[in-house]
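Below, each chain spelled out in residue letters.
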Amino acid sequence: MAEGLVVVRPGALTTVQDRGRPGHAHLGVPRSGALDTAAYALANRLLGNAPGAAALETTLDGVALRALASTVVAVTGAPCPVRVSGRPVAWGAPVRLPAGAELEVGRAESGVRSYVAVRGGLGVPPVLGSRSTDLLSGLGPPVLSAGMLLPVAAAGPDPVPTADTCGLPGAPSELVLPLRLGPRADWFTGASLAGLWRAPFRVSAMSNRIGLRTEAGPALVRARAGELPSEGMVLGAVQVPPDGLPVVFLADHPVTGGYPVVGVVPPGPALDAAAQARPGVPVRFSAVR
């Protein structure tokens, strides 16, 4: 029997993701990749997969898949109900998926994005060294749709572990983002920068894989007029558009931008938490010196 997974229910937004394709900004290609890097890595580790194996990233309401051949899967990230052919099974642990069985990954109970890994990883063709779907450039496999066949790669030699550390992450009740000022902090008034540390913003419903948008906080006020020529952008850059409300660039961010960058959130746990922050969650910036 052919190996693979058939998409029964694609969910609101489900994409194939791996560790992304960094190093191609000079070609105008974003890095892409899983937003919650720790949850993605754990899903692969639970199955003995290679660290860069491709998995699915769901958004809020999960996904349903039917197995063409027996395999093992794991679901991590945002906690959610997981069922195999209607029977409840473990979240955050390896689960046997028999041939013909349907895996139902339900709505996130907290957080935003869940990760569904399969033993061996998804075998979609790589583009520029990555199997990630890039929503900005359109590179990589398309967003999942009903009836799509997802090939599964051959499993490696490492066995499926019997146990792993898997704490219940949940969604952050407050998102605290460490911010290293620069390169364009001098474009804003001292009073605005002081307010950046003191007052909370909120996660906007307009947030997506490109960037976490903020709302309801004190707008940053420019200290100088005019516009910048387009500059290179990096993961975690905090750009300030004309409305003065910061935007934190995530994995599918553009490689250039013309609005000033007040600072950068270093890659790590804070950006992983940003991937799970729902609209309305308070956002605070803390200074990195």
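Scroll up for the structure.
Rules behind the numbers
Residues numbered from 1 in each chain as written. Predicted model: local features only at pLDDT ≥ 70, side-chain atom pairs only at ≥ 80, totals over all residues. Heavy atoms only, no water. Phe/Tyr/Trp six-rings, centres within 6.5 Å; stacked < 30°, edge-to-face > 60°. Helix = DSSP H or I, 4+ residues; strand = E, 2+ residues; numbered from the N terminus. Buried < 20%, exposed > 50% of the residue type's maximum accessible area, 1.4 Å probe, protein only. Core = buried A, V, L, I, M, F, W, Y, C linked by side-chain atoms within 4.5 Å. Contact = heavy atoms within 4.5 Å. Salt bridge = Lys/Arg side-chain N within 4 Å of Asp/Glu carboxyl O.

Each aromatic ring pair is described using two quantities: the centre-to-centre distance and the angle formed by the ring planes. Counted under the stated rule, the structure contains one aromatic pair. Ring plane angle 80° and centroid distance 5.8 Å describe the contact between Phe201 and Phe285, whose orientation is recorded as edge-to-face. Note that Phe201 is positioned in strand β13 (residues 201-203) and Phe285 in strand β20 (residues 282-287), a separation of 84 residues in sequence. With respect to class, Phe201 is no different from Phe285; both count as buried.

This paragraph deals with the nonpolar core. Most often, soluble globular proteins have nonpolar side chains that are buried together. Among the nonpolar cores identified, the biggest contains 42 residues, and Leu175, Leu177, Val248, Val262, Val265 and Phe285 are the most heavily contacted of them. Where this core is concerned, the elements lending two or more residues are α1 (37-46), β5 (71-77), β10 (114-118), β12 (175-181), α2 (190-198), β13, α3 (269-275) and β20. Sorting elements by how many residues they give to this core places α1 first, with five residues. Ignoring sequence-local partners within four residues, the contact set of Val265 consists of Leu177, Pro178, Leu179, Leu235, Gly236, Val238, Val248, Ala270 and Leu271. Of all hydrophobic cores here, the second largest spans 28 residues; its members include Val82, Val84, Met148 and Val152.

Before going further, it helps to spend a moment on the pattern of salt bridges. A complete count under the given rule lists nine salt bridges for this structure. Across the salt bridge formed by Glu57 and Arg209, the nearest N and O atoms sit 2.7 Å from each other. With Glu57 in strand β3 (residues 55-57) and Arg209 in the loop between β13 and β14 (211-215), the pair connects residues that are 152 residues apart, well separated along the chain. Each member of the pair, Glu57 as well as Arg209, carries the same accessibility label: buried. Put simply, Glu174 and Arg284 hold a salt bridge, and the shortest N to O gap is 2.8 Å. On the criterion of sequence distance, the pair formed by Glu174 in the loop between β11 (149-150) and β12 and Arg284 in strand β20 is long-range, its members being 110 residues apart. In this structure Arg284 comes out as partly exposed when scored by relative accessible area, which is 30%. Among the charged side chains, a salt-bridge network with shared partners connects Glu57, Arg113, Arg209 and Asp252.

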